[in-house]
Amino acid sequence: MSRRVVITGVGAVSPLGNGAATLHERWKAGECGIESGVGACNDFDPAEVLTKKELRRTDRFAQLAIAACQEALENAGWTDGEELPVNPERVGCVIGTGIGGIATIETQHDVLKESGPGRVSPLGIPLMMGNAGAANLALRYGFKGPAFSTVSACAAGADAIGTALRMIRAGDADAMVTGGAEAGITPLAYACFGAMGALSESGISRPFDARRDGFVMGEGAAVLVLESAEAAEERGATVLGELLGYGASADAFHLTAPEPGGGGAARAIKRALEDAELSASDLHYVNAHGTSTPLNDRSETDALKAALGEDIAKSLPVSSTKSAVGHLLGAAGAVEAVATLLALRERIAPPTLGYEVPDEGLDLDYVPDGPRPLNANGRAVAISNSFGFGGHNAVLCIAA
Amino acid sequence: MPATATQETVETTIFEAISKLGPEPEDVTRDATFESLDIDSLDLVEVAQVVEEEFGVVLKGEDMEKLTTVGDAIDLVVARAS
């Protein structure tokens, strides 16, 4: 019997505003954080959380991670005293990102071209490195267990949380601070995603709708505090929910396109359920990857049917957080895990905003008219899907 | 043309550069140690870049390692410039 892993704190900064509760309440109310075709965190002021020195030593993606972490630790009751309530050597940190500090790369490249190599910042590397999220959290809060980042494009946040789950089970740590962060709304990243044809020309994120035409770029971060059930009980922590399972796979099909039929994604979903020692009939809700791209939403629908069985897939509420915030890339899986947990706690399925026109073959219950009460006696269980360019599939199974 | 490096001009430039890195301006004095100001080796490279830009004086890593106080840095730049 492996160690049970519980969630004791959450924090999020998203295009819907600052805080996990803001994300949950606004999405539930059908509000959208996308403005002018972009999901920016306009309410986020890093100076409210970071010192002057930290501001200079972090790219925006790490600043978002720090703000989300601060909230998660407060939520977990870790910041009440001078010291961490757990042995810092037994606390690890895994923070996913898709691109890392790309704004820093772009600005420093401008300096290089305009003024030469002698003028680039000595902070360039520590700002741009993809592991800066985990590094800064470990440094700021004194986490001395294993700390690193996962980089698997839009599955990075979910892979980080799944990896953290495994590390507690394996005994590498008693607590893990984990999640994802992304700040990729920059001229270069935006142009490159545009060149691929991945971005929505209409600027509207409407997953699963027949009119969907690509994803809307978003930014943000979310962090969860995971603890072994024994450690949480020992310190009398409030348990928000349980992380039951994690499944991952690779399509090995195409560099960016998902496998038609969703075979790789289906294997990750099945694996997450096996890991949770559950069957499809135990689920109450699916938080979809639901990017609003023509390919993903079709293959994800197929994957859910293949993994859960057609009848169960059609009976479950399936909704996409990206309809309210856009696509947060490497932060998406973490923000969506937090959104899933808070929805389960309230026993609701939040809506897929903007869904009006059904597409042929996309025939699941996408919750167009939510929030929908969940039909759960006892605990409510969900899966949260994340799939990334490169063919990475990561699925988390969460209960509350 | 680089500016003339006098005690006064170098002090002004270095005080300003350090104040931008985090410390409160009133804490930045000649006697203040870099340790007390929480200025580390990465910060000092940035100060060196400002000094080079302003006075044309190039400071290397080994020069910086010997510095303890803000005054040490000012004296080194003035000595190198003359």
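Residue positions are given per chain, counted from 1 along the sequence in the order it is written. To read the labels, note that chains go from A and ligands from 1, taken in the order they are written. pLDDT decides what is reported in this predicted model: residues at 70 or higher carry local features, side-chain atom pairs at 80 or more are listed and counted, and totals for whole chains, interfaces and linings draw on all residues regardless.

**Brief notes about the overall build of chain A**
As a reminder, the rule being used: Numbering goes from the N terminus for both helices and strands, where a helix is a DSSP run of H or I of at least four residues and a strand is a run of E of at least two. For a compact globule the rule gives 2.2 Å times the number of residues to the power 0.38, and the radius of gyration it is set against comes from C-alpha atoms. In this description, any two residues whose backbone-derived C-beta atoms lie within 7 Å of each other are considered to be in contact.
Scanning chain A from terminus to terminus reveals 14 helices and 13 strands. The C-alpha radius of gyration computed for chain A amounts to 20 Å, which stays within 12% of the reference 21 Å derived for 400 residues, consistent with globular compactness. Dimensions of chain A, computed from C-alpha atoms along their principal axes, come out at roughly 60 × 50 × 40 Å. Put simply, of all contacts in chain A between residues at least 6 apart along the chain, 80% involve residues at least 24 apart.

**Comments concerning the domain arrangement of chain A**
Residues and elements named next belong to chain A. Threshold: An automatic or database domain assignment supplies the start and end points of every domain.
Looking at the assigned domains, one finds that chain A contains domain 1 (5-241) and domain 2 (245-399). Here the C-alpha centroids of domain 1 and domain 2 sit 21 Å apart. Each side of the interface is counted separately: domain 1 has 64 residues, and domain 2 has 61 residues. Elements with a contribution of two residues or more to the side of domain 1 that touches domain 2: strand S1 (5-14), helix H1 (20-28), helix H7 (156-170), strand S5 (175-182) and strand S6 (220-228). Counting residues per element, the side of domain 1 that touches domain 2 draws most heavily on H7, which supplies nine residues.

**Some remarks on the interface of chain B and chain A**
For clarity, the cut-off: Classification used: nonpolar for Ala, Val, Leu, Ile, Met, Phe, Trp, Tyr, Cys and Pro, charged for Asp, Glu, Lys and Arg, polar for all others including Gly.
With seven residues of chain B at the contact, the number on the chain A side is six residues. Tallied by class, the residues present in the side of chain B that touches chain A amount to three nonpolar, two polar and two charged.

**Digging into the environment of Asp 282 of chain A**
All names here are of chain A. Our working definition: Exposure criterion: with C-beta atoms placed from backbone coordinates, a residue whose C-beta has 20 or more other C-beta atoms within 10 Å is buried, one with 12 or fewer is exposed, and one in between is partly exposed.
Mapping Asp 282 onto the fold places it in the loop between helix H10 (263-275) and strand S8 (285-287). Overall, the presence of 15 C-beta atoms within 10 Å leaves Asp 282 in the partly exposed class. Note: C-alpha distance between Asp 282 and Glu 25 (257 residues apart in sequence) is 26 Å.

**Observations concerning the environment of Glu 65 of chain B**
Looking at the element boundaries, Glu 65 of chain B is found in helix H3 (residues 61-65). Between the C-alpha atom of Glu 65 of chain B and that of Val 51 of chain B, which follows or precedes it by 14 residues, the distance is 16 Å.

**Concerning the nonpolar core**
We apply this condition: Linking buried Ala, Val, Leu, Ile, Met, Phe, Trp, Tyr and Cys residues through C-beta atoms within 7 Å yields a set, and such a set is a nonpolar core.
Counting residues in each nonpolar core, the largest one holds 134 residues, and the members touching the most others are Ala 65 and Val 338 of chain A. Filtering out sequence-adjacent residues up to four positions away, Val 338 of chain A remains in contact with Val 10, Ala 12, Ala 20, Leu 23, Ala 222 and Leu 224 of chain A. The next biggest cluster of nonpolar side chains, apart from the first, holds 18 residues, and it includes Leu 37, Ile 39, Val 47 and Val 77 of chain B.

**Some details on helix H4 (residues 102-115) of chain A**
Residue and element names in this part refer to chain A. Going by this rule: Given the number of residues in a helix, its expected span is that number minus one, multiplied by 1.5 Å.
Here H4 is 14 residues long and its end C-alpha atoms lie 20 Å apart, about the 20 Å a rise of 1.5 Å per residue gives. In the core, the buried residues of H4 are packed alongside helix H3 (60-75), helix H5 (124-128) and helix H8 (187-196). The positive-phi residue at the C-terminal boundary of H4 is Gly 116, with phi of around 95°.

**Notes on the pairing of S6 of chain A**
All names here are of chain A. The line we're drawing: Pairing between strands requires that DSSP locate at least two bridges from one strand to the other.
Taking burial as the measure, the nine residues of S6 include nine buried ones, the bulk of the element. The alternating pattern of S6 places Gly 220, Ala 222, Leu 224, Leu 226 and Ser 228 and Ala 221, Val 223, Val 225 and Glu 227 on opposite faces, both of which are buried. Alignment of S1 against S6, held across eight bridges, turns out to be antiparallel. Following the sheet pairing, Val 5 is matched in S6 by Ser 228.

**Considering the packing of helix H1 (residues 7-19) of chain B against helix H2 (residues 41-55) of chain B**
Residue and element names in this part refer to chain B. Put simply, the rule is: For every element, the axis is a line fit to its C-alpha atoms; helices are fit only across the contacting stretch, and the angle between N-to-C directions ranges from 0 to 180 degrees. Each crossing gets its hand from how the near helix is turned against the far one by less than a right angle, where anticlockwise is left-handed and clockwise is right-handed.
Contact geometry for H1 and H2: axes closest at 10 Å, N-to-C directions at 145°. In this structure, H1 meets H2 at a crossing whose hand is right-handed. Note on element contacts: H2 touches H1 through Val 47, Val 50, Val 51, Glu 54 and Phe 55, opposite Val 10, Thr 13, Ile 14, Ala 17 and Ile 18. Broken down by class, the residue content of the contact of H1 with H2 amounts to eight nonpolar, one polar and one charged.

**Quick notes on the environment of Asp 159 of chain A**
Turning to its location among the elements, Asp 159 of chain A is positioned in helix H7. Excluding anything up to four places from it in sequence, Asp 159 of chain A contacts Gly 96, Thr 150, Ser 152, Ala 248 and Ala 394 of chain A.

**Quick word on the confidence of the model for chain B**
All names here are of chain B. Rule in force here: The predictor attaches a confidence to each residue, and that confidence, scored 0 to 100, is pLDDT.
Here chain B averages 93 in pLDDT, while 100% of its residues score no lower than 70. Here H3 is the element of chain B with the lowest mean pLDDT, 85, and H1 is the one with the highest, 96. With pTM at 0.96, the complex prediction returns an ipTM value of 0.88.

**Structural notes on H1 of chain B**
All names here are of chain B. Note the threshold: Here the arc refers to the set of directions running from the helix axis out to each C-beta atom.
Look at H1: 18 Å from first C-alpha to last across 13 residues, which is about the 18 Å you get at 1.5 Å a residue. Within H1, burial applies to Val 10, Thr 13, Ile 14, Ala 17 and Ile 18. All buried residues of H1 project into a common sector of 125° when viewed along the axis, lining one side. Tucked inside the fold, the buried residues of H1 contact H2 and helix H4 (70-81).

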